[in-house]
Amino acid sequence: MTRHTRPNLGITLTLLLGLAWVFGYVFVHAADEIHLNDGRIVVGSIIETTDSYVLVRTTQSEFRIDKSRIVKIIQQRDTSKEEIEGDMALEAGQLEKALNFYRAALALKQNEEELDRKIRNVQKLIKDREEQYFGESLKQIDELIQEGSLDAAEAMLLEILKPVPEGPTRERLEVRRANIHYQKALDYLNRVDYLKAEDELRRSIAVQEEFYPAHLKLAELFSKLAPTKRVAIQEYLKGMKYGADSLSEEEMCEYNFSVASLYYELADYLPAIKHFRIVADMGIMKTLQCKMRIAEGYYRLADAAEQNGNVSQAVAYLHQAVEVLPSFKESWFKLGYLYLKQNKCKEAIDYLEEALRIDNWIPDAHYYLAMCYHEQKNQERALRELDNEVLYNPANYNALCMRGEIYFAGGKYEEATEDFKKARDINDQKFRAYFGLGKAYLRLKDLARAEENLRRVLDIEPRHPEAILLMGTIYREWKRYEEARELFEKVIETLKRYELSLSEENKAILTTALNERGGIELIMERPRTAIDDFEEALNYNPRRAETYSNLGQAYRQLGRIPQAESHYIRAIELDPKNPDYYLGLGIIYHNYLKRLDKAVEYYTKYILFNGPDALTVNKWIEECGGKPVDLTTVKQ
C-alpha cells in the first residue's frame, strides 16, 4: 500500500483559527446617485426611504440625508435590502454571510439573473478558498478513498473539520464525509452484507441530509423487500429532490419509473399514475409501457370505485384511461358495461362497439350488445350479436339462455329448447335454462317434460314464483285441481307478503296466479269465490283483458248475464284480437240473450281471428241462421 504523508495539522489549524477569510478580488455592484443642492453627489446604496429622509449605505458608512437637501436621485435598478446586505458583506470579505443574503434575496423572485451570477461568483470564491487551504489534504483523502482506506480517509477529514465553522465550506467538507460512508456502503453491498450497507447509508445521510446518492441507493435496497417498499418510495423522492440539479434526464426518468412501479405494486394507483406520466411526458424511455400502466391504473381505480358504488367516478377514470391509451380495449368494454348497468343503452352500444373494433373477440362484449338491442326491442340485431357471442364462446351460458328466450318470445319453441338444452349441459346448477325448457315444453304441450324441468328449477330455487305458477298450470291440465290450487295459493301468499314493494314483473305473476286460482274455482263451480279472485287481480292490473273475460265466465255461471256481457265487451276493448273473448260474447248472445244476429257477428270474428274450434263454431253460426265462414279464406 502506498504510504501517504499526513499534512501538518498544527500549521493548518493555526491558519484556520487565525483566518480573516479576506481575499483580493474586484467586485463592482450597481450604485445609486443622490444629487444634493450644494452640488455634491453621494454614491452608495439606498436601503430605506421615508417621507423625510433617505438612508444611504456607502463602503465607509451608513447615514441619513434629509429630503430637503436632495435635488434628484438616480437609481440604477430596483435592489432589495437583502441583495444590498449581500453586496456589503461581499465587500467586507464575509463570503458565507454574502451567500446567505443573496439566497434570501433570490427567494424574493426579484433581479434573479443578476443574483444567480452573484451566487455563482461567491461559490467560486469559497471553492477557491477551500482549494487554497485544504487542497493538498483533500487530494490525499481522495487517494485514500481510491485505494479503499476509507477509515483513514474519514479520520483525516474529521481532523480537518474540527476548526471549520458552520457554513458552505463545512457543508462541502461534510459532503465528502457523507461520500466516504457511501463508499463503505457500496463495499458492503459487494459483499452482500445488506444490514451493514444500510447502516453506512444511514450514516451518510445523517452526516449530510442532502447527499442524494445515499438516498437513492437506500431506496434501491429497500425496494427489494415488500415491508419496506413505502420507505423505498420516500427515499427515492428525497434522492430526486436533492439531486435535481445533478441527475441527468435519463436518470430522473429511471428513478421516477422506479417510484411509479413501487406505487403500482402497492396498489396505490393515483401516485403511480402521476410518476408514470412524468416519465411518459419526458419521452426519453418506456413511453408506451408507461401509458399502458397509466391506463391499467385508471382501470383498477374504476373497478374499485364501481365496487364502492361510485359508478360516476368509475366512468370518469375509464374515460381518462382511453384518453391516455385509445387502444386500451378493456376500458372501452368496461365503459359499455357500466352504461348498460345504468340502462343507457345508446352509450353502452357506442363503447362496446369501439371495444370490438379494437378486438372483435372480447368475452361477453357481443352478449352485452345483445342485451342493449333487446332492451331497444331490436330482436333481430340482438340475435345477431348472440350468434357472434356463441360462435366465439359456445360455453356462454347466459348468451344461450338469452337467445333461447328470444326464440321463445317469437314463438320458435323448438329452437328455444335447443339453446336451453345446450345451456343446461354447460351448467346444470343454475335454474335459468331449466326454466326456459319448462316454458318451451309447456307451449309444445309436452307436459311431462315441462313438469320435469320446472321441478328441477324448484330444486335449485324453491321459492321461484313463476315456476310454481307454471307447475300449477300443468296440474290443472292434468285435472289435478286441488294440487294446482295449492300451488297457485302458494304463489299468491308469497308475493302478497311483499305487496308494497312488488316489481311490475311480480305484479304480473300475482295477477296470473289470482286468475288461475279463480279459474279452478270456476271449474269447481264456485263462481262467487272466483269473482273475489278476479276482482282482486284487477287491483294489481286493471287493464288485463283476461281478468275481464274470466269475470264474464263467472257472472255467466251465476246467471248474471248483463254483468257477463259488459265484462266480455271490456275484454275485447283491451285485447281486440283474442278469439276467445268473441266466443264468450257470442255464447251470451246465442244462448242467453237470444240475439242471434249479434251471436253470428261474434262467432264470425272468433273464426276470423283464428279461433281453434272453427268447425264447431261454424255449425253454431248455421244454428243462428247465419252464413258459415269459408274456412279456406281464413288467414292462418
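None of the values given here were measured: they were computed from a predicted structure. (Residues numbered from 1 in each chain as written. Predicted model: local features only at pLDDT ≥ 70, side-chain atom pairs only at ≥ 80, totals over all residues. Heavy atoms only, no water.)

Caption draft 1: Structural context of the overall build of the protein. A count of helices and strands for the protein gives 30 helices and five strands. The C-alpha atoms of the protein give a radius of gyration of 47 Å, which is well past the 26 Å a tight globule of 636 residues would have. With respect to the three principal axes, the spread of C-alpha positions in the protein is 140 × 75 × 45 Å. Taking all 636 residues of the protein together, the buried fraction comes to 46%. Expressed as a percentage of contacts within the protein between residues at least 6 apart in sequence, the contacts between residues at least 24 apart total 49%. Separation between the mean location of the 89 positive side-chain charges and that of the 104 negative ones in the protein comes to 2 Å. (Helix = DSSP H or I, 4+ residues; strand = E, 2+ residues; numbered from the N terminus. Rg over C-alpha atoms; globule rule 2.2 N^0.38 Å. Buried < 20%, exposed > 50% of the residue type's maximum accessible area, 1.4 Å probe, protein only. Contact = heavy atoms within 4.5 Å. Lys, Arg positive; Asp, Glu negative; His and termini not counted. Charge placed at Lys NZ, Arg CZ, Asp CG, Glu CD.)

Caption draft 2: View of helix α21 (residues 447–460). Taking 1.5 Å of rise per residue, 14 residues should cover 20 Å, and α21 covers 20 Å from first to last C-alpha, within 8% of that figure. Taken together, the buried positions of α21 are occupied by L447, A450, E451, N453, L454, V457 and L458. Of the surrounding elements, those touching the buried residues of α21 are α19 (413–426), α20 (432–443) and α22 (465–477). (Expected span 1.5 Å × (residues − 1).)

Caption draft 3: Just the nonpolar core, in detail. Formed by 119 residues in total, the largest nonpolar core has its most connected members in F276 and Y298. Leaving out residues up to four positions away in the same chain, Y298 has contacts with I273, R277, Y317, Q320, A321 and V324. If you look at the next biggest cluster of nonpolar residues, it comprises 34 residues, including A564, A571, Y589 and Y602. (Core = buried A, V, L, I, M, F, W, Y, C linked by side-chain atoms within 4.5 Å.)

Caption draft 4: Spatial organisation of the confidence of the model for the protein. Chain-level statistics for the protein give a pLDDT mean of 89 and a share of 94% at 70 or above. Within the protein, the element-level pLDDT minimum falls on helix α1 (residues 9–17), averaging 35, and the maximum on α20, averaging 98. (pLDDT = per-residue confidence, 0-100.)

Caption draft 5: Here's a closer look at the pairing of strand β3 (residues 53–57). With five of its five residues buried, β3 lies for the most part within the structure. Residue alternation in β3 divides its side chains into two sets, Y53, L55 and R57 and V54 and V56, and both sets are buried. Hairpin connection between strand β2 (residues 41–49) and β3: a loop of three residues separates the two successive antiparallel strands. Here five bridges tie β3 to strand β4 (residues 62–66), and the two strands are oriented antiparallel to one another. (Pairing = 2+ DSSP bridges.)

Caption draft 6: Local environment of helix α23 (residues 481–496). Between its first and last C-alpha, α23 extends 22 Å over 16 residues, near the 22 Å set by a 1.5 Å rise per residue. Restricting attention to buried positions, one finds in α23 the residues Y481, A484, L487, F488, V491, I492, T494 and L495. Those residues of α23 that are buried are in contact with α22 and α24 (504–523).

Caption draft 7: The packing of helix α5 (residues 150–161) against helix α6 (residues 168–190), seen in detail. With their axes 10 Å apart at the nearest point, α5 and α6 run at an angle of 165° to one another. Comparing their axes, α6 and α5 come out roughly antiparallel. Here α5 and α6 pass one another in a crossing that is left-handed. Where α5 abuts α6, its residues L150, D151, A153, E154, L157, L158, I160 and L161 lie against R170, L173, E174, R176, R177, I180, H181, Q183 and K184. The residue makeup of the contact of α5 with α6, split by class, is eight nonpolar, two polar and seven charged. (Axes fitted to C-alpha atoms, helices over the stretch in contact; angles between N-to-C directions. Parallel < 35°, antiparallel > 145°, perpendicular 65-115°, else oblique. Left-handed = near helix turned anticlockwise from the far one by under 90°. Nonpolar A, V, L, I, M, F, W, Y, C, P; charged D, E, K, R; others polar.)

Caption draft 8: Broad picture of the side chain of E451. By the secondary structure assignment, E451 is in helix α21. Apart from the residues lying within four places of it in its own chain, the contact partners of E451 are M471, I474, Y475 and W478.

Caption draft 9: Molecular detail of the packing of aromatic side chains. Taken as a whole and judged by the stated rule, the model has 19 aromatic pairs. With a centroid separation of 5.3 Å and an interplanar angle of 40°, the aromatic rings of Y337 and Y368 are classed as tilted. Pair noted here: Y337 is in helix α14 (residues 329–341) and Y368 is in helix α16 (residues 365–375), with a separation of 31 residues, a long-range link. When its relative accessible area of 15% is taken as the criterion, Y368 is described as buried. Note on Y582 and Y602: the rings are 6.1 Å apart at their centroids and 25° apart in plane angle, and the pair reads as stacked. Separated by 20 residues along the polypeptide, Y582 in helix α28 (residues 579–592) and Y602 in helix α29 (residues 596–608) bring together distant segments of the chain. Through a chain of ring-to-ring contacts, three or more aromatic side chains come together here, namely F257, Y264, Y269 and F276. Taking the ring centre of Y53 as reference, the NZ or CZ of R64 above it sits at 4.2 Å. (Phe/Tyr/Trp six-rings, centres within 6.5 Å; stacked < 30°, edge-to-face > 60°. Lys NZ or Arg CZ within 6 Å of the ring centre and 35° of its normal.)

Caption draft 10: How the structure looks around the environment of L247. Position of L247 relative to the elements: it lies in the loop between α9 (229–242) and α10 (249–265). Taking the C-alpha atoms as reference points, L247 and P163, 84 residues apart in sequence, are found 32 Å from one another. In contact with L247, not counting residues within four places along its chain, are Y212, L216, G239, M240, M252 and Y255.

Caption draft 11: How the structure looks around the pattern of salt bridges. Applying the stated criterion across every chain, the model contains 46 salt bridges. For R202, the salt bridge goes to E198, with nearest N and O atoms at 3.1 Å. Here E198 and R202 lie together in helix α7 (residues 194–207), a separation of four residues that amounts to about one turn. Relative accessible area serves as the criterion here: at 42%, R202 is assigned to the partly exposed category. (Salt bridge = Lys/Arg side-chain N within 4 Å of Asp/Glu carboxyl O.)

Caption draft 12: Molecular detail of the packing of α23 against α24. Where α23 contacts α24, the axes come no closer than 9 Å and their chain directions differ by 150°. When the axes of α23 and α24 are compared, the pair comes out roughly antiparallel. Our pair here, α23 against α24, has a crossing hand that is left-handed. The residues of α24 that touch α23, namely those facing Y481, A484, R485, F488, E489, V491, I492, L495 and K496, are N506, I509, L510, A513, L514, E516, R517, I520, E521 and I523.

Caption draft 13: Spatial organisation of the sheet that holds β3. Taken together, five strands build an open sheet; the order of strands is β4-β3-β2-β1-β5 and the sheet is antiparallel. Both outer strands of the open sheet, β4 and β5 (70–74), are each paired with one neighbouring strand and no more. Going from strand to strand, the sheet's axes swing by 45° on average, the running direction of each strand aside. In the sheet, strand β1 (residues 32–36) pairs with β2 via four bridges, with the strands oriented antiparallel. Its bridge partner lying in β2, H35 is registered against I41. Where helix α2 (residues 81–91) meets the sheet, its contacts fall on β2 and β3, and the angle it forms with β2 comes to roughly 130°.

Caption draft 14: Structural detail: unusual backbone geometry. Here the phi dihedral of K479 falls at roughly 65°; this positive angle occurs in a residue that is not glycine. The residue K479 is located in the loop between α22 and α23 in this model. Backbone geometry places N610, a non-glycine residue, at a positive phi of 65°. Looking at the element boundaries, N610 is found in the loop between α29 and α30 (614–623).

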